[in-house]
Amino acid sequence: MAATQGHGNPRWTREETILALELYFRCEGRVPSKNDERVIELSDTLRKHPFHKESSENPTFRNTDGIVFKLMNLRAAHTGKGLTHVSNMDKEIWEEFGDKPDHVKGLADKIRSLIINPPSHSQDELEEEFSEGGLVTRQHQARERNRNVRKKLLKARRSKGPLECEMCGFKPATANKALEESVFEAHHIVPLAQLDKSSTTLKDMALLCANCHRFIHRAISIEKRWYSIAEAKLLLQ
């Protein structure tokens, strides 16, 4: 989280900072004035964030002055010049994404779309949050928890033989179908930030036991990068 709060406003989230970095890239490292149309647009977008409904009633919340200040922080993280008290969040975001403007644009487009159409249960507490931010993480979880998707995935895997975890190979030793299926969860193998579609297909999913599913989510969160099933297997070894 960013250290800049101001007037009792909540700290900047990762995804908000990613949106600010995308604007910084569009401005080619220059900080525009608070009257710049791009600054006004970002302020309007952030004030619509579903996690900040109460704060958005405060006229100082993510206002254009705050956007300019955030851009100045990012410039300081980039150049080492200017503001001396740069937040850890801004330093971390620059370290992760400062050399990836195209990747940041893709993330920003995804985040903006989720601000307009937020995922269900968006206020749930996240056990793990991916580097793309809370909205993308929540959309990922909502896709994985979709009962119809999990049901179809279990049916498809059962048609090919006994159910087993596609990461560790665990097979439940029970003849009770309901108990057997209770062990497994659906995992989205493609980062949702890279998907430009509203529906989930079975080829996008892997069947994992609950332990492996938690393990791979924790690895993605801690290492701040996506892990494939094959890479996660190596971590287990």
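Right above here is the structure, for reference.
Okay, so let's go over this structure. Nothing here was measured: the structure is a model prediction, and the numbers come from that model.

1. A look at the packing of helix α5 (residues 101-116) against helix α6 (residues 134-144)
- Running from N to C, α5 and α6 cross one another at 75 degrees; their axes reach a closest spacing of 9 Å. Our classification of the angle between α5 and α6 gives roughly perpendicular. Touching Lys110, Ile111, Leu114 and Ile115 of α5 are Leu135, Val136 and Gln139, all from α6.

2. Comments concerning the environment of Arg75
- Mapped onto the elements of the fold, Arg75 is located in helix α3 (residues 64-79).
- With relative accessibility at 30%, the residue Arg75 sits in the partly exposed group.
- Arg75 sits 46 residues away from Gly29 along the chain, and the two C-alpha atoms are 6.6 Å apart.
- Non-local contacts of Arg75, meaning those with residues more than four positions away in its chain, are made with Tyr24, Gly29, Val31, Gly80 and Lys81.

3. Brief notes about the pattern of salt bridges
- Enumeration according to the criterion identifies 15 salt bridges in this entry.
- The salt bridge involving Glu16 is made with Arg62; its shortest N-O contact spans 3.0 Å. In this pair, Glu16 sits in helix α1 (residues 14-26) while Arg62 sits in the loop between α2 (37-46) and α3, placing the two residues 46 residues apart along the sequence. Each member of the pair Glu16 and Arg62 is classed as buried.
- For Arg26, the salt bridge goes to Glu22, with nearest N and O atoms at 3.1 Å. Of the two residues, Arg26 and Glu22 are both situated in helix α1; the distance of 4 residues between them amounts to about one turn of the helix.

4. Focus on the state of the cysteines
- Following the criterion strictly, the structure yields 0 disulfides and no others.
- Here Cys209 stays free of any disulfide, with the sulfur of Cys212 as its closest cysteine sulfur at 3.6 Å.

5. What to know about the pairing of strand β1 (residues 184-188)
- Of all 5 residues that make up β1, 4 are buried, and the element is covered over most of its length.
- Relative to strand β2 (residues 205-209), β1 runs antiparallel, the two sharing 5 bridges. Each bridged residue has a counterpart across the sheet, and for Glu185 the counterpart in β2 is Leu208.

6. Thoughts on the packing of aromatic side chains
- Following the criterion strictly, the structure yields 3 aromatic pairs and no others.
- Taking the centre distance of 5.9 Å and the plane angle of 40 degrees together, the rings of Phe25 and Trp94 count as tilted. Linking Phe25 in helix α1 with Trp94 in helix α4 (residues 88-97), this pair joins segments that are 69 residues apart in sequence.
- The class of Phe25 is partly exposed, set by a relative accessible area of 22%.
- Looking at Trp94, the relative accessible area reads 16%, which means it is buried.
- By the ring-pair criterion, three or more aromatic residues cluster together here, those being Tyr24, Phe25 and Trp94.
- Directly above the aromatic system of Tyr227 lies the positively charged group of Arg225, at a separation of 3.9 Å from the ring centroid.

Basis of the calculations
- Residues numbered from 1 in each chain as written.
- Predicted model: local features only at pLDDT ≥ 70, side-chain atom pairs only at ≥ 80, totals over all residues.
- Heavy atoms only, no water.
- Axes fitted to C-alpha atoms, helices over the stretch in contact; angles between N-to-C directions.
- Helix = DSSP H or I, 4+ residues; strand = E, 2+ residues; numbered from the N terminus.
- Parallel < 35°, antiparallel > 145°, perpendicular 65-115°, else oblique.
- Contact = heavy atoms within 4.5 Å.
- Buried < 20%, exposed > 50% of the residue type's maximum accessible area, 1.4 Å probe, protein only.
- Salt bridge = Lys/Arg side-chain N within 4 Å of Asp/Glu carboxyl O.
- Disulfide = S-S within 2.5 Å.
- Pairing = 2+ DSSP bridges.
- Phe/Tyr/Trp six-rings, centres within 6.5 Å; stacked < 30°, edge-to-face > 60°.
- Lys NZ or Arg CZ within 6 Å of the ring centre and 35° of its normal.

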